[in-house]
Protein chains: 4
Amino acid sequence: MVVALATRVAPDRIEIDGEPIGEFIRRGDPAEMWFRMIQGRTPSQEESAVFGAILCSMADHGDTPPSTQAARLVASSGSPMQCSLAAALLAFGDHHAGAIERAMELFSSCVRDREIPSVVADRFISRGRRVPGFGHRVHREDPRVRPLVEVGSALTHRPHLSFFLGVQDHLRSAKGIVGNVDGVCGALLLDLGFPPSAGRAVFFCGRIPGLVSWILREGELGPFRPYRLVPSEEVAPCIA
Amino acid sequence: MVVALATRVAPDRIEIDGEPIGEFIRRGDPAEMWFRMIQGRTPSQEESAVFGAILCSMADHGDTPPSTQAARLVASSGSPMQCSLAAALLAFGDHHAGAIERAMELFSSCVRDREIPSVVADRFISRGRRVPGFGHRVHREDPRVRPLVEVGSALTHRPHLSFFLGVQDHLRSAKGIVGNVDGVCGALLLDLGFPPSAGRAVFFCGRIPGLVSWILREGELGPFRPYRLVPSEEVAPCIA
Amino acid sequence: MVVALATRVAPDRIEIDGEPIGEFIRRGDPAEMWFRMIQGRTPSQEESAVFGAILCSMADHGDTPPSTQAARLVASSGSPMQCSLAAALLAFGDHHAGAIERAMELFSSCVRDREIPSVVADRFISRGRRVPGFGHRVHREDPRVRPLVEVGSALTHRPHLSFFLGVQDHLRSAKGIVGNVDGVCGALLLDLGFPPSAGRAVFFCGRIPGLVSWILREGELGPFRPYRLVPSEEVAPCIA
Amino acid sequence: MVVALATRVAPDRIEIDGEPIGEFIRRGDPAEMWFRMIQGRTPSQEESAVFGAILCSMADHGDTPPSTQAARLVASSGSPMQCSLAAALLAFGDHHAGAIERAMELFSSCVRDREIPSVVADRFISRGRRVPGFGHRVHREDPRVRPLVEVGSALTHRPHLSFFLGVQDHLRSAKGIVGNVDGVCGALLLDLGFPPSAGRAVFFCGRIPGLVSWILREGELGPFRPYRLVPSEEVAPCIA
């Protein structure tokens, strides 16, 4: 028997997190399955719903993220889909996909140390630095934040979401800045039990469908079309 | 306003397939959302459930696929997650991720031309070639097939699933060979309206979570551990 | 002893193509060494000089090839050099890096079948198709062709270069079109004994230095700078 | 005119580091050309010879580096060469390609601060840490070191090579450990004027030919052959 860490494969048998794969297929709930594959524990129904909402919020953000541009550029050169998708992933450098993990690390240590949200926010403001998980280069109010907060309120234990909301209240009145998708997703993932190191893993699971939809459309536009890369005027805190 | 093909992004607004992203977040159903992002139409409840089941069936198959090995190899060298995941994608060559698309092309043309399943199967047998979507290097009965067929029976229109089952009946009695995950997923995706060219796109959406779970675990095993690559005895029709 | 195909590694010993690596280091001639690593035979002094000239001709072509754009895009997102370089490679799709191999396949079969260059050229013209290895989207006279032809004239046996020149004479008078870098390099590589399947391998060896110089400069431009991807007016036979 | 940073491309003209590309082609010396493309200055004849020797020393190290294994794994799955090469690059994580840059940073700061080699070596020994650029998992005497030192002695100004040799003398008598290829190449690259941040760039230029030769051979071995990845017993300071 081939023993993999969480998946066991033997002739005529595949078990994931201790359960036959057929049961996962019959329930047909990717959010619940992937939660278990990453965390190794079964989520409650509320947790599964929140995780599904997080995945949906990450699906796409138009054609301005470098990852999406890299995907289109490679697709336009006639490479197969896996190449375009790989190039997109490689553009998730620390400036891009790392944002959610930085927000998670901040919230995690602040909640652990029982820090006061407004004090933390003021510390960043006084140093002239922006708070990870807040502000967006395009949106004044990131349209993904409010629905995620609503869905997340179903969690009975949500200290990181509370911390995020506390910082947001303070930053909104002090600077007119609100939370972004990295901030609210990071807070909710911590409340769901994901470690900061899993932040970009979840983001990749949620963003791949958006990338493949761009690549499929690029392929439909026909054979090789050249692009030019021009510097953009935008300066960008959150680019997800 | 930045006009992307299916996603529209404007300040404080993100619309996907014509609907504000907040609605997708509130429903929290990745399968429904991704179906729409790839096909540009809203699935029925049955279609969405079948698509969710397909995604679940693709999640992982232990550590023998080349993609999973590439992911572990790169992760063990100290590269960040996006690099490991990109390397895994690059290992989805035509022998690997292409299998589902070959099955879809076969089923699609056979159903269009109203071919008889047993006649098609005999044509392959008489030429000594295996039928795309049938047989597996590890499993005699691929444990993902039966549950997918059950779930897929909820579809009112399912000509490709019927064709797949017809071929399976014939191959089982003639050669003791049954369908594999690529075959049944390919048939169901066609019944759901996905073109063959979208086959590997869907497979990537479903398999990324399995890959990230392997990569996260590799990271937990600590700093650089060397691997050796040794030829395997296995000869492999289906390696997903 | 670890037996690799062309490289043997044992404690305190590394042999490449049967010779201790120290000898290669003392001669310090990358062109001669790489010729041997790919072909498994020692080039004459003329052959080594021609191969060096080919590598030099491939080094860079500004910032318009999709590969260079992909490298800059990924570098600008804060990813390490190997990621930028990998993304560049992925943009070498069939439209891009494949051009040299298509020219090599054509020249190889024409020389083998003793075809007349002008007849071959007319066949393409009469079908309204362009001849692989001829024409360039930017250059009317590709400035790499003449020096390569001069250097290549040192080869005593050069049937593919002669074929290339024969087609060029005809296309120049018939259509005002001359050979491009893919065409002349492809012809010379065949005369040097490289098979068509090694065409893009040699191109990658020659182009990596250009890509790394772009990536190093991108890194010096400082932290994350966003780009926009805009469709280019150019239509492009040769994009190398 | 398209103005690229070091390469200028205009119709019928390509200039690299201010010189027409035809001149580089006529000289046919990749080492001289690439030195200029990365550093933006013309090397002396001695410098060019040393740089050529460095590139040769990096060409290949059998099939045990993770990069070479990743290349073979992806090639065996039926992916095109650029995919295999990209996967190899992604396996150059900080444990692998980063070694040369760590050695360069150490030597650079020590020479700048006029540190005594034996004192630096003792500092590492007393902390139970190994000195970057010294020791090898396979070789007791890395066979690339002595020839590189010989070739490098042609440089009139070689403070970093001297520092490297000073550390080596001390480590050899104190611990029986000698320098590795990363150490001696790093010292020589510093003496040639390359910054530590260019270390892995040069390494990639030198190693690509080895990788493509592995990939070409993998392709010749025929269609899909599965591999297994098994943990290796080796523990590895230098894996280049």
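Keep in mind the model is a prediction, meaning the values are calculated, not measured.

**Some remarks on the overall build of chain A**
- Scanning chain A from N- to C-terminus turns up 11 helices and 5 strands.
- Rg of the C-alpha trace for chain A: 20 Å, near the compact-globule value of 18 Å for 240 residues, within the 12% margin.
- Expressed as lengths along the three principal axes of its C-alpha atoms, the size of chain A is roughly 60 × 50 × 25 Å.
- Expressed as a percentage of the 240 residues in chain A, the buried residues total 64%.
- Total accessible area on chain A stands at roughly 8,400 Å², and carbon and sulfur atoms take up 50% of it.
- Across chain A, the 26 positively charged side chains and the 27 negatively charged ones have centroids separated by 4 Å.

**So, the pattern of salt bridges**
- Under the criterion given, the structure shown has 64 salt bridges over all chains.
- Among the ionic pairs, E47 of chain A bridges to R41 of chain A, the shortest N-O distance being 3.0 Å.
- E47 of chain A gets classed as buried once you look at its relative accessible area, which sits at 15%.
- Overall, the relative accessible area of 31% leaves R41 of chain A in the partly exposed class.
- Two residues, E32 of chain D and R36 of chain D, come together in a salt bridge whose shortest N-O distance is 3.6 Å. Here E32 of chain D and its partner R36 of chain D are both found in helix 2 (residues 30-39), 4 residues apart, which amounts to about one turn of the helix.
- Look at R36 of chain D and you get buried, because its relative accessible area is 7%.
- Here the salt bridges share partners, and the residues they tie into one network are D17, E19, R27, E32 and R36 of chain A.

**Digging into the interface of chain B and chain A**
- Counting residues at the interface gives 70 residues for chain B and 71 residues for chain A.
- Taking both partners together, chain B and chain A bury about 5,800 Å²; carbon and sulfur atoms supply 75% of that area.
- As a salt-bridge pair, E150 of chain A and R26 of chain B come within 2.8 Å of each other at their nearest N and O atoms.

**Observations regarding the relation of the copies chain B and chain A**
- Once turned by 180° and shifted 0.0 Å along the axis, chain B lies on chain A with an RMSD of 0.0 Å. Taken together, the rotation and translation relating the two chain copies correspond to the operation of a two-fold axis. Within chain B, the C-alpha atom positioned nearest to the axis of rotation is that of A86 of chain B, 2.1 Å from it.

**Thoughts on unusual backbone geometry**
- Phi at D12 of chain A is positive, roughly 65°, even though this residue is not glycine.
- Here D12 of chain A shows up in the loop between strand 2 (7-10) and strand 3 (13-16).
- Phi angles above zero are rare outside glycine, and D17 of chain D is one such case at about 50°.
- Relative to the helices and strands, D17 of chain D resides in the loop between strand 3 (13-16) and strand 4 (19-20).

**Digging into the packing of aromatic side chains**
- The final tally for this structure, using the stated rule, is 41 aromatic pairs over all chains.
- Summarising the aromatic geometry, the rings of F107 of chain A and F163 of chain A are spaced 5.9 Å apart at their centres and angled 55° between planes, so their arrangement reads as tilted. Of the two residues, F107 of chain A is situated in helix 6 (residues 98-112) and F163 of chain A in helix 9 (residues 159-175); the sequence distance between them amounts to 56 residues. We note that F107 of chain A, like F163 of chain A, is buried.
- On the basis of an interplanar angle of 90° and a centroid distance of 5.7 Å, the ring pair of F35 of chain B and F51 of chain B is categorised as edge-to-face. Taken as a pair, F35 of chain B in helix 2 (residues 30-39) and F51 of chain B in helix 3 (residues 45-57) lie far apart in primary sequence, 16 residues in all.
- Overall, the relative accessible area of 0% leaves F35 of chain B in the buried class.
- Take F51 of chain B: its relative accessible area is 1%, and that puts it in the buried class.
- Taken together, F107, F134, F163 and F164 of chain A form an aromatic cluster joined through their ring pairs.

**Looking at the packing of helix 4 (residues 66-76) of chain D against helix 11 (residues 199-220) of chain D**
All names here are of chain D.
- Across the interface, helix 4 lies against helix 11 with an axial gap of 9 Å and an inter-helix angle of 30°. Relative to helix 11, the element helix 4 lies roughly parallel. Considering the relative orientation of helix 4 and helix 11, their crossing is right-handed. Residue-level inspection shows S67, T68, A71, R72, A75 and S76 of helix 4 in contact with helix 11, the latter providing L211, W214, I215 and E218.
- Partitioning the contact of helix 4 with helix 11 into residue classes produces 5 nonpolar, 3 polar and 2 charged.

**Observations concerning the pairing of strand 2 (residues 7-10) of chain B**
Residue and element names in this part refer to chain B.
- Bridging between strand 2 and strand 3 (residues 13-16) involves 4 bridges; their strand directions are antiparallel. Opposite R8, over in strand 3, you have E15 as the bridge partner.
- Connecting the antiparallel pair strand 2 and strand 3 is a turn made up of 2 residues, with D12 showing a positive phi of about 65°.

**Side note on the environment of R228 of chain B**
- You can see R228 of chain B is positioned in strand 5 (residues 227-231).
- The class of R228 of chain B is partly exposed, set by a relative accessible area of 43%.

**Let's talk about the environment of F134 of chain D**
Residues and elements named next belong to chain D.
- Looking at the secondary structure, you find F134 in the loop between helix 7 (117-126) and helix 8 (145-152).
- For F134, a relative accessible area of 2% puts it in the buried group.
- Filtering out sequence-adjacent residues up to four positions away, F134 remains in contact with F107, F164, V167, Q168, L171, I177, V178, G179 and N180.

**Some remarks on helix 10 (residues 181-191) of chain B**
All names here are of chain B.
- Burial analysis of helix 10 places 11 of its 11 residues in the buried class, which makes it a mostly covered element.
- Every buried residue belonging to helix 10 is among V181, D182, G183, V184, C185, G186, A187, L188, L189, L190 and D191, and all of these are buried.
- Buried residues in helix 10 make contact with helix 3, helix 6 (98-112), helix 8 (145-152), helix 9 (159-175) and helix 11 (199-220).
- Two or three places before D182, at the opening of helix 10, N180 has a side-chain oxygen 3.0 Å from that residue's backbone nitrogen.
- Of the residues one or two after helix 10, G193 is the one with positive phi, at around 100°.

**Topic: the confidence of the model for chain A**
- Here chain A averages 90 in pLDDT, and 91% of its residues register 70 or above.
- Reported confidence for the predicted complex is 0.92 by ipTM and 0.90 by pTM.

**Some remarks on the environment of H157 of chain D**
- Inspection of the secondary structure puts H157 of chain D in the loop between helix 8 and helix 9 (159-175).
- Measuring from C-alpha to C-alpha, the distance between H157 of chain D and R217 of chain D comes to 42 Å, with 60 residues separating the pair along the chain.

Rules and cut-offs
Residues numbered from 1 in each chain as written. Chains lettered and ligands numbered in written order. Predicted model: local features only at pLDDT ≥ 70, side-chain atom pairs only at ≥ 80, totals over all residues. Heavy atoms only, no water. Helix = DSSP H or I, 4+ residues; strand = E, 2+ residues; numbered from the N terminus. Rg over C-alpha atoms; globule rule 2.2 N^0.38 Å. Buried < 20%, exposed > 50% of the residue type's maximum accessible area, 1.4 Å probe, protein only. Areas by Shrake-Rupley, 256 points an atom, 1.4 Å probe, with all protein chains shown as cover. Lys, Arg positive; Asp, Glu negative; His and termini not counted. Charge placed at Lys NZ, Arg CZ, Asp CG, Glu CD. Salt bridge = Lys/Arg side-chain N within 4 Å of Asp/Glu carboxyl O. Contact = heavy atoms within 4.5 Å. Buried area = accessible area lost by both parts, 1.4 Å probe. Least-squares fit on C-alpha atoms with pLDDT ≥ 70 in both. Phe/Tyr/Trp six-rings, centres within 6.5 Å; stacked < 30°, edge-to-face > 60°. Axes fitted to C-alpha atoms, helices over the stretch in contact; angles between N-to-C directions. Parallel < 35°, antiparallel > 145°, perpendicular 65-115°, else oblique. Left-handed = near helix turned anticlockwise from the far one by under 90°. Nonpolar A, V, L, I, M, F, W, Y, C, P; charged D, E, K, R; others polar. Pairing = 2+ DSSP bridges. Polar contact = N/O pair within 3.5 Å; in protein donor to acceptor, adjacent residues only side chain to side chain. pLDDT = per-residue confidence, 0-100.

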